[in-house]
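Secondary and tertiary structure notes
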Amino acid sequence: MAGKAAYIGGGVLVVLVIIVAVVLGSSKSVSFESNAVVISRRGEVNNVAVGPGRQFIGLGADIVEFPRFDQNLEFTANSAEGAILVRVQDGQIISIDVSFQYNMAKEQLPNLYRVHRTSFEDTLSKIMRDELRDAASKRPSQDFFDKRAEIAADLRATIEREAEARDVTVTGFQIRRIGLPESLESRLIDIQIRQLDVTLGEQNLILDSIYARWNKSVLEFRTNRERLATEIQQGTTVLKTKIIQERNRVEETTNQLVTKIQEESDRNVTLYQKETDLLIQDLELNITRVLESTRRDVDRVTVEAETNLTIYEQETANLGLAYDERVVLIEERSMQNVSRLLVDLQEQEQKFYAEFERRLASAIRDAELRTLNATLTASLNAESAKVQALQGRDAITYITEVVAGATVTDVKYMDVMTPKELALQVESDTNSTTTP
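The sections below set out a description of the structure shown in this document. As a convention, each chain's residues are numbered from 1 in the sequence order in which they are written. Side-chain atom pairs in this predicted model are given and counted only at pLDDT of 80 or more, local residue features only at pLDDT of at least 70, and totals for whole chains, interfaces and linings cover all residues. Neither water nor hydrogens contribute to the side-chain values; these are computed over all heavy atoms in the structure.

**Points about helix H3 (residues 120-136)**
The terminal C-alpha atoms of H3 lie 24 Å apart, and with 17 residues this matches the ideal 24 Å at 1.5 Å per residue to within 8%. All of the buried residues along H3 are Phe120, Leu124, Ser125, Ile127, Met128, Arg129, Leu132, Ala135 and Ala136. Elements are defined by DSSP. Helices are runs of H or I of four residues or more, strands are runs of E of two residues or more, and each kind is numbered from the N terminus. Here the expected span of a helix is defined as 1.5 Å times the quantity of residues minus one. Classification of residues uses two cut-offs on accessible area relative to the type maximum, computed with a 1.4 Å probe and protein chains only: under 20% is buried, over 50% is exposed, and between them is partly exposed.

**Re the packing of aromatic side chains**
Between the rings of Phe, Tyr and Trp (Trp by its six-membered ring), a pair exists once the centres lie within 6.5 Å; its type follows the angle of the planes, with under 30 degrees stacked, over 60 edge-to-face, and the other angles tilted. A full pass over the atoms with the stated rule returns five aromatic pairs. Consider the rings of Phe32 and Phe69, whose centres lie 6.1 Å apart with planes at 50 degrees: the pair is tilted. Of this pair, Phe32 sits in the loop between strand S1 (27-30) and strand S2 (34-39) while Phe69 sits in the loop between strand S4 (62-67) and strand S5 (71-75), and the two are 37 residues apart along the sequence. Put simply, the rings of Phe75, Phe100 and Tyr102 touch in pairs and so form one group of aromatic residues.

**As for the pattern of salt bridges**
The term salt bridge refers to a side-chain nitrogen of Lys or Arg lying within 4 Å of a carboxyl oxygen of Asp or Glu. Evaluation of the coordinates by the stated rule reveals 19 salt bridges. Here Arg176 and Glu74 are joined by a salt bridge, their closest N and O atoms 3.4 Å apart. With Arg176 in strand S8 (residues 168-179) and Glu74 in strand S5, this residue pair connects regions lying 102 residues apart in the sequence. Residue Glu74 is classed as partly exposed on the basis of its relative accessible area, which comes to 25%. One network of salt bridges, in which partners are shared, links Arg139, Asp143, Lys147, Glu150 and Asp154.

**Describing the nonpolar core**
A general trend in soluble globular proteins is that nonpolar side chains are found buried together. Nonpolar core, defined: a set of buried Ala, Val, Leu, Ile, Met, Phe, Trp, Tyr and Cys residues in which side-chain atoms within 4.5 Å join the residues together. Membership of the largest hydrophobic core comes to 36 residues, with the highest contact counts inside it found for Phe75, Ile94, Phe100, Met104, Leu132 and Phe144. Aside from chain neighbours lying at most four places away, what touches Met104 is Phe66, Pro67, Leu109, Leu112, Phe120 and Val168. Core analysis: the next-biggest nonpolar cluster, separate from the first, contains seven residues, Val30, Ile57, Ala61 and Ile63 among them. Contacts between residues were defined by any pair of non-hydrogen atoms, one from each residue, lying within 4.5 Å.

**Points about the packing of H3 against helix H5 (residues 148-165)**
To define axes, lines are fitted to C-alpha atoms, for helices over the stretch in contact only, and angles between the resulting N-to-C directions are given on a 0 to 180 degree scale. As a packed pair, H3 and H5 sit with axes 10 Å apart at the nearest point and diverge in direction by 145 degrees. Crossing hand, H3 versus H5: right-handed. Of H5, the residues touching H3 (which contributes Ile127, Met128, Glu131, Leu132, Ala135 and Ala136) are Leu155, Thr158, Ile159, Glu162 and Ala163. Of the residues in the contact of H3 with H5, the class split is eight nonpolar, one polar and two charged. Two helices cross in a left-handed way if the nearer one is turned anticlockwise from the farther one by less than a right angle. They cross in a right-handed way if the turn is clockwise. In this count, Pro and Cys sit with the nonpolar residues alongside Ala, Val, Leu, Ile, Met, Phe, Trp and Tyr, while Asp, Glu, Lys and Arg are called charged and the others, Gly among them, polar.

These values are about where atoms sit, not about what they do.
Rendered as structure tokens:
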């Protein structure tokens, strides 16, 4: 038993080892800095690239890693690629140190691998060197001394266009150094110095012109200032004299007005006191007249109110008598109307009972006729049925049926109604459903 268990345990261990080996053989680990293209056992390239981490790619498959982050490519004197030597438009040979950064998108990696395999960086380096050299050769040497920013923008546009055509994105570009021949550089420096000297001379002339205009303006300003100061001083003296004269005139006029106002004020006060006394007398007189008029109005209104009250009481008593007479008259008319209504109701009741008896007799006659018709129809149907049933039988059977049919009419069952009973039933139904 123990040997069997050990055998089973050993088999399970072997299976686990095989599974682990298969799993490890079916997966590959991609570094954190890379994306990878999966290549099957038959050499086919998977259309979907994978990211960092352990990836299950299948038995026999392999991966090729590509950088996941920005890569730097330099063409400088100190790099393995070396600086770019360019024969420019005017025949001079210059050296350019440049560098740029690029990024390979994960979704474009399968296409890059199909075209370039693992030599993409070498191919890109050669293409970019050639494109930069061709672009730089279209410019004169003077531009590399004067227009470095414009040249940098032109070269960057060139490599961005070429990189985009190869599914690569340029993320940065720098011109590190431009090496000109010493004689050319000295000549360009001399030219630049002469240009600066000319510019300096022009600026000095402009500055001298500015100083001359400024001195002229200062002189004119001082002359105008002295002239204006004299004119202002003279005007101020004249104005001061006029103000003093005007002030004296105003003071004299004011004193005259004050004296006049005081005289008029005394006279106005006396007149105001007299007018006030007269107004008080008029007011007292008006108050006396108003009080007398009010007393007379009160007496008149009191008399009119008492008279109106007496008239109202008399009219109220007269209306009460008229209402009593009208009530008696309405009661008499109501009794007459009730009597007429009772007579009319009795006449209608008699007419109703007569009409009811007439309709009841008619209903009884109709019921008797319907009963006779039903009895006759039933007899005829029974005779017809008997004739059909007795066809083909012997004479004795037919005579027996005829005798039975002739005698059965005298037998009455409990659920059979005579015409008289039927008439009574119709009358009972009519009485229960008709309201007098």
